[in-house]
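# Chain and residue survey
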Amino acid sequence: MIQKNISLKAFNSFGVEATSKYFVAIKSVEALREVLQNPEIRNENLLFLGGGSNILLTKDFDGCTIQLDLKGISEKKIDDNHVLVTANAGENWHQFVLYCLEKNYGGLENLSLIPGNVGTSPMQNIGAYGTEIKDIFESCEVLNLATLEVETFDLEKCRFGYRDSIFKQEGKAKYVILNVTYRLTTHQHDVKTDYGAIKAELEKMNVKNPSIQEVSKAVIAIRESKLPNPKEIGNAGSFFKNPIIPLSAFEILKDKFPNIQAYPNGDWVKVPAGWLIEQCGWKGKQIGNVATHHLQSLVIINKTGHATGDEIFNFSAEIINSVKEKFGIELEREVNIL
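For every chain, the first residue of its written sequence is number 1, and the numbers climb from 1 along that sequence. With pLDDT at 70 or above as the cut-off, local features in this predicted model cover only qualifying residues; side-chain atom pairs require 80 or more to be listed or tallied, and sums for whole chains, interfaces and linings still use all residues. Calculated side-chain values reflect all of the structure's heavy atoms, with hydrogen atoms and water omitted.

## Examining the pairing of strand β6 (residues 73-79)
Stated precisely, the cut-off is as follows: DSSP bridges decide pairing: two strands pair if at least two such bridges lie between them. Numbering of helices and strands runs from the N terminus, with a helix taken as a DSSP run of H or I at least four residues long and a strand as a DSSP run of E at least two residues long.
Where β6 meets strand β7 (residues 82-88), 6 bridges bridge the pair, whose relative direction is antiparallel. Residue pairing across strands places Lys76 opposite Leu84, the latter belonging to β7. Once β6 ends, the chain turns through 2 residues before running back antiparallel as β7.

Here you go:
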């Protein structure tokens, strides 16, 4: 049922107040097609929402917000050590990870406790602790908004990059993701524990040969220790991408800032955005209703619960200007701005 003038506050993890001209929750592809062909909606701007965990609403939406509530998980074993697991777009991401872990399917454990739904995972090529979606991605089905036909996108067609994909570039507003299929291991797991924080957490747990379930527990413990729960305080997780700069530029910076943190990769170096922000004095800093989290400066929070989208956006702009002035690096927002 299409509703009018609906508040989106409960549908974005920042808890920002914004109103949508039209709103409808969709539970099937057939229902989605019907809405898109509805004369009342056909010429309206469209906003697709999953878990609302990676969006900042800076204004009311003059169009139709479609909440994708597509549910369901299916499996297909393809060889002795691999299974294809398909989850519909409306499945909660962390619950999907736990589902796979309960079945001892490996590959998603390092991505535990990331907020949001399955459908948005390919858009951002979400990643954490040494794993990205592209590492275990098989394919996804999308609805072409021009033809209303279902198409399949494989790994190559998705053109994944660092927190990037075709769905954030030329495919933006042209497709909506309906389901995602992951290629997971069933027993010979490639356990990734090289990330320093995971190693340290596993040592605290007194685990020497971790299972995928123990890696997941370590990741959850790390995230819970430094990242705020969106259900308790409004946020969208990491607000900025970690900048990737040429090695030559990094060497110049290192001469000026000997303690600068970095993750080299050939001729390029990834510099932690959180470290840059913290060095500029922003960790835990509050302006009005908005602040950076006191344990992780990469996370911007709706501190009082009454922040507007504009307040949060302007706060992030001040951080960007501050980092650029000190380090000559321009941070890029990871969160989608509306």
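The rest of the description comes next.
## Section: the sheet that holds strand β16 (residues 268-270)
Convention followed: The axes are straight lines fitted to the C-alpha atoms, using for helices just the contacting stretch, and the angles between their N-to-C directions are given from 0 to 180°. By definition, residues are in contact when any of their heavy atoms lie within 4.5 Å.
Across the sheet, which stays open at both edges, the 3 strands sit in the order β14-β16-β15 with antiparallel pairing between neighbours. Of all strands in the sheet, those with a lone pairing partner are β14 (244-246) and β15 (263-265), marking the two edges. With strand direction ignored, the average angle separating the axes of adjacent strands in the sheet is 30°. Bridge count for β14 against β16 is 3 bridges, and the pairing is antiparallel. If you follow Ile244 over to β16, its bridge partner there is Lys270. Relative to the sheet, helix α7 (residues 247-256) contacts β14 and β16, its axis offset from that of β14 by approximately 90°.

## Here we look at the pairing of strand β13 (residues 234-238)
For a regular strand, the rule is simple: side chains alternate between the two faces of the sheet. Under the convention used in this document: Burial here depends on accessible area, computed with a 1.4 Å probe over protein chains only, as a share of the maximum for the residue type. Under 20% is buried, over 50% is exposed, and the range in between is partly exposed.
In terms of residue burial, β13 counts as a mostly covered element, since 4 of its 5 residues are buried. Bridge analysis of β13 against strand β19 (residues 299-302) gives 3 bridges, and the strand direction is antiparallel. Across the sheet, Ser238 pairs through a bridge with Val299, a residue of β19.

## Thoughts on helix α2 (residues 93-102)
An α-helix turns once every 3.6 residues. As a result, residues three or four positions apart point the same way. Worth spelling out the cut-off: Here the arc refers to the directions that run from the helix axis out to each C-beta atom. For the purposes of these results, a polar contact is taken to be a pair of N or O atoms within 3.5 Å, where, inside protein, one atom must be able to donate a hydrogen and its partner to accept one; residues adjacent in sequence count only when each atom of the pair is a side-chain atom.
Considered for burial, the residues of α2 that qualify are Trp93, His94, Phe96, Val97, Cys100 and Leu101. Angularly, the buried residues of α2 cover 160° about the axis, an arc narrow enough to put them on a single face. Each element contacted by the buried residues of α2 is listed here: β6, β7, α3 (121-124), β12 (175-185) and α6 (212-226). Its side-chain oxygen at 3.1 Å from the backbone nitrogen of His94, Asn92 defines the N-terminal cap of α2. Once α2 finishes, Asn104 follows within two positions and takes phi at roughly 65°, a positive value.

## A word on the packing of helix α5 (residues 196-204) against α6
The criterion, for reference: In these notes the angle categories are as follows: under 35 degrees is roughly parallel, over 145 is roughly antiparallel, 65 to 115 is roughly perpendicular, and the rest is oblique. Basically, the charged four are Asp, Glu, Lys and Arg, the nonpolar ten are Ala, Val, Leu, Ile, Met, Phe, Trp, Tyr, Cys and Pro, and anything else, Gly included, counts as polar.
Two elements in contact, α5 and α6, have axes separated by 9 Å at closest approach and are oriented at 105°. Taken as axis vectors, α5 and α6 run roughly perpendicular relative to one another. Across the interface between the two elements, Ala197, Ile198, Glu201 and Leu202 from α5 touch Glu214, Ala218, Val219, Ala221 and Ile222 from α6. Taken together, the residues of the contact of α5 with α6 sort by class into 7 nonpolar, no polar and 2 charged.

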